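Architecture and fold: a report
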Amino acid sequence: MKYFFCLVFFVTFVLACNTEQTYQTDYEVVNISEETLPPVKPLKLEKINVQEDYLMGAMCFVYHDTVLLVVKTYDPYPLTHMVTIVNMNTNTKIGEYITRGEGPNEILSTLPYFGNNTLDIQCVYTRKAISFNVDSAMALGSLYQPRIIVPEENIYLTFRTFDDSLLIAENMYYFDGCDKFRTDPALPQYYYIDKKGKYIPDFKKSDYDMIKFMPGNCTGGAICVNRAKNRFVSCYGYQPVIKVYDTQLNQIRQINGPEPNDAEYTLEADGFTLFFNRKNGVCHYYNGSYYDDECIFVQNLRNYKWKRTKEGETYSQLERETTELFKLDWDGNVIERYSAKGFTVLPITYSKTTNTLYLYLSDEFGEVNLYKAKLD
């Protein structure tokens, strides 16, 4: 299979999928509403002074209140490596990792995710999935070598580290809730990937002849893993849905709402790949998460059927006002809600020791800075 950015299709047709359908289930389904959610608490933000070299073209995460993880998006300049770990108390570097390039231990770009002590990094250009243990890196400094896996099937994926030998990944060809699109009932929604890049259960796109397109702009979201609790939780990016699974990939719970799950889509060709557009306005929900062994923090953009109302207006402007941070337990229940109104929320991390949220925020002018907020 060719890499999805290079797929060429010349067929254009319309596929309408109303995702509010009834399916036979053997798991618990919970419907939440605005009235059943906890009240929104505004965050009291305190800006953290961070060296500009670390903020430039990067995503920043805070670990244990004192360690800054700097992940450069494309170009490491003015640094030399794509990942740098910094002692925030002394402003000294603990270690530098992974250079930019196409060599065996190099990458060209980063999509970072952070949970517990693991930084997961995806490079969509080289297809590499990097599992980075922060505790090991702090102990070994720049001698630490993160685990790099190249999945054997050439597909775009969202993944998180499951354990020392496995990743858990989302199948980006699966579009939940639309039977017309999900043409093969055997198509897995999630799978594991081992150290050699092999999929478990076995997945080869060539085995699914009816897959003609990739709905990546309508799938994805936040995957959170807790092996000790036998849980992984998936918060959907384009549906107001949270799904809870055991680690054998069996769904055990689903939380719907508070918005209606009634988006409709059209399937179109852009000359390179087929993609989904939303017929009745943009719907953006869960995106960006952090988790530890007790809870999950996830963004909810709360953007339901948004339509541009004036020239130049973008949904990112709206989401600076609507985005909330949901605190979940490992059964997917929303136990707290917070707001950083007026900012675009980028990575979030949390320190259980001090009950502090750390947020990498962008203001209306696009300036990014690191903030912290002590929770009540």
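In what follows, the structure referred to is the one given above.
Residues numbered from 1 in each chain as written. Predicted model: local features only at pLDDT ≥ 70, side-chain atom pairs only at ≥ 80, totals over all residues. Heavy atoms only, no water.

Take the overall build of the chain next. Within the chain, the secondary structure is distributed over three helices and 30 strands. Evaluated residue by residue, the chain yields a buried proportion of 57% over its 376 residues. Look at the contacts in the chain between residues 6 or more apart in sequence, and 54% of them connect residues 24 or more apart. On the chain, roughly 17,000 Å² of surface is accessible, and the fraction owed to carbon and sulfur atoms is 50%. (Helix = DSSP H or I, 4+ residues; strand = E, 2+ residues; numbered from the N terminus. Buried < 20%, exposed > 50% of the residue type's maximum accessible area, 1.4 Å probe, protein only. Contact = heavy atoms within 4.5 Å. Areas by Shrake-Rupley, 256 points an atom, 1.4 Å probe, with all protein chains shown as cover.)

Bringing unusual backbone geometry into the picture now. If a residue is not glycine, its phi is most likely negative; likewise, a peptide bond is most likely trans. The amide bond that connects Y77 to the next residue, P78, takes the cis arrangement and shows omega of 5°. By the secondary structure assignment, P78 is in the loop between β5 (67–72) and β6 (83–87). Even without a glycine there, the phi angle at D65 is positive, about 70°. Turning to its location among the elements, D65 is positioned in the loop between β4 (58–63) and β5.

The next subject is the nonpolar core. Ranked by size, the top nonpolar core spans 38 residues in total, and within it L43, L119, F132 and L359 carry the most contacts. If you look at the next biggest cluster of nonpolar residues, it comprises 35 residues, including I32, F162, C235 and F326. (Core = buried A, V, L, I, M, F, W, Y, C linked by side-chain atoms within 4.5 Å.)

Turning our attention to the sheet that holds strand β26 (residues 324–328). Pairing within the open sheet is mixed, and its five strands lie in the order β2-β27-β26-β25-β24. Each end of this open sheet is capped by a strand with a single partner; those strands are β2 (40–42) and β24 (282–291). In this sheet, adjacent strand axes meet at a mean angle of 30° when their direction is disregarded. Bridge count for strand β25 (residues 296–306) against β26 is five bridges, and the pairing is antiparallel. Paired with F297 across the bridge in β26 is K327. (Pairing = 2+ DSSP bridges. Axes fitted to C-alpha atoms, helices over the stretch in contact; angles between N-to-C directions.)

Per the stated rule, a full pass over the model turns up 14 salt bridges. Residues R337 and E34 are paired through a salt bridge, measuring 2.9 Å at the closest nitrogen-oxygen approach. In this pair, R337 is assigned in strand β27 (residues 334–339) and E34 in the loop between β1 (28–31) and β2, connecting sequence segments 303 residues apart. Owing to a relative accessible area of 36%, E34 belongs among the partly exposed residues under this scheme. Put simply, D331 and R231 hold a salt bridge, and the shortest N to O gap is 3.2 Å. Separated by 100 residues along the polypeptide, D331 in the loop between β26 and β27 and R231 in strand β19 (residues 231–236) bring together distant segments of the chain. Among the charged side chains, a salt-bridge network with shared partners connects E34, E259, R302, E324 and R337. (Salt bridge = Lys/Arg side-chain N within 4 Å of Asp/Glu carboxyl O.)

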